[in-house]
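Below are the chains, spelled out letter by letter.
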Amino acid sequence: MTKTADSVWMECLSFIRDNIKPQAYKTWFEPIKPIKLSGEALTIQVPSKFFYEWLEEHYIKLLRVALVRQLGNGAKLVYDVKMENAYSSNSPQTVKIPSANRNPLKPQKVTVPMESSRELKNPFIIPGLQKVKIESQLNPNYNFVNFVEGDSNRLARSAGMAVANKPGGTSFNPLLVYGGVGLGKTHLAHAIGVEIKDKYPDKTVLYISSEKFTQQFIDSVKSNTRNDFIHFYQMIDVLIIDDVQFLSGKAGTQDVFFHIFNHLHQNGKQVILTSDKAPVDMQDIEQRLLSRFKWGLSAELQLPDYETRISILQNKLYRDGVEMPEEIVEYIAKNIKSNVRELEGVIISMIAQASFNRKEFTIDLAKQIVDKFVKNTKKELSIDYIQKVVSKYFDMDVATLQSKTRKRHIVQARQLAMYFAKRMTKSSLASIGSQIGQRDHATVLHACKTVDNLTETDKQFKKYVDDLTKKLTL
């Protein structure tokens, strides 16, 4: 069979994959494209000069063995460096790096034209002000000292400390911290940045919300400074983007972030992201971006348990220099279970009420304030309750709804249960599927889409949805 660039490179990859770690393979070999096979010379396309230099420094022996196996002792390797993310969105630069005569797989060093000497526009600097230093936008009050550790956040906190000790040098790159509202995602993201700035003062650390990042990108497109925008973000050593789920549906912003992410990752820079959901549950985010979110570690922040809630309250009181009877602290911890923000909110309200009205801390005062918080917090339905309501509506038991049967009316009932669980709980798609008949997240996603479609096209089905919505929200 005639050999082609694709077939030779596929065989090389098969050999390489068996001889390096999966993370290294994904990072350094999956992005490579075979371009041309001319005799014993294989041309491969790599995304940057740095990328080519890294391959030369770390994987040249492996590449040599793989190529010689396919093309014989006279094998040659030519790099086609195609820089797509730093210059012009329309005309990527290409430079051919031929192999040297002395070593068939040791390309000559060439200088790739770079624009690094250009003055870069800083989106955080007011035009006209002379200021070189990039402000980190970090809140020093959000640090590891006051981030209380518990079973619900231990993995995320430990990973955050590891990243802070060695930014860009661990396998947690990117580090994606996800969880519900008020569980400490933003606090932890800031804490990592604050710790890095303390340990490595020379590193450029930047915290930014995804909404602000998006707005800056839109402004750069309007003002024809898109390349300056990209260059600025490629300078960052540690990039922290909060609420990355808000990139959903924003194709242009996702595209530019994809290129910035690649550049930072390839150059050993650290990326830290927060989200209200796991990558598998993110919708309208490009697959190529989601795959990169999964390169490192996704760590979930869960609801704090009772002991952790006690610790959070005690920590807050200690920081504020306030003493409160133990029984009151325990009462608050037992009755506020939803998130950290509400726990601290109750304490703040208690201190305010006691100060303004010159009252002492009492159980009665605690009950009044806790009742207000609980009343103002929308009750989250459980998946079990949703299944019971849907099953009763269709005159079947829960076991039938969860069964493997493909009967149409049972399938529709099951899909409706999944749909309402997705709409009315904070559970992940995987968790919903697991609780409704041991299905996977893809089944739940399909169920939600099916319900949306049928609601628009089937009057009877729309009545099911309206009736069940009323029953579940009463």
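Residues numbered from 1 in each chain as written. Predicted model: local features only at pLDDT ≥ 70, side-chain atom pairs only at ≥ 80, totals over all residues. Heavy atoms only, no water.

Right, let's talk about the overall build of the protein for a bit. Per the secondary structure count, the protein includes 20 helices and 9 strands. With 474 residues in all, the protein has 46% of them scored as buried. Restricting the contact set of the protein to residue pairs at least 6 apart, pairs at least 24 apart contribute 71%. Summing over all exposed atoms, the protein offers an accessible surface of approximately 24,800 Å²; the carbon and sulfur share of this is 50%. (Helix = DSSP H or I, 4+ residues; strand = E, 2+ residues; numbered from the N terminus. Buried < 20%, exposed > 50% of the residue type's maximum accessible area, 1.4 Å probe, protein only. Contact = heavy atoms within 4.5 Å. Areas by Shrake-Rupley, 256 points an atom, 1.4 Å probe, with all protein chains shown as cover.)

All right, on to the pattern of salt bridges then. Opposite charge on two side chains permits pairing when their charged atoms draw close. In the structure shown here, the tally under the stated rule is 10 salt bridges. With a shortest N-O distance of 2.9 Å, Lys 269 and Asp 237 are connected by a salt bridge. Highlighted residues: Lys 269 in the loop between helix 9 (251-266) and strand 8 (270-275) and Asp 237 in the loop between helix 8 (226-234) and strand 7 (238-242), separated in sequence by 32 residues. Residue classification places Asp 237 among the buried residues on the basis of a relative accessible area of 14%. (Salt bridge = Lys/Arg side-chain N within 4 Å of Asp/Glu carboxyl O.)

Another aspect to go through is the confidence of the model for the protein. Per-residue confidence for the protein gives a mean pLDDT of 80; residues scoring 70 or more make up 85%. Long-range and interchain partners of residues 84-132, a stretch whose pLDDT sits below 50, account for 96 contacts in this model, where long-range means more than four residues apart. (pLDDT = per-residue confidence, 0-100.)

For the rest of this paragraph, the subject is the pairing of strand 6 (residues 205-209). Side-chain direction in a regular strand flips from residue to residue, so the side chains alternate between the two faces of the sheet. A large share of strand 6 lies buried, amounting to 4 of its 5 residues. Two strands pair when backbone bridges link them, and strand 6 and strand 7 are joined in this way by 5 bridges, in the parallel orientation. Each residue of the ladder has a partner; that of Ser 209, found in strand 7, is Asp 242. (Pairing = 2+ DSSP bridges.)

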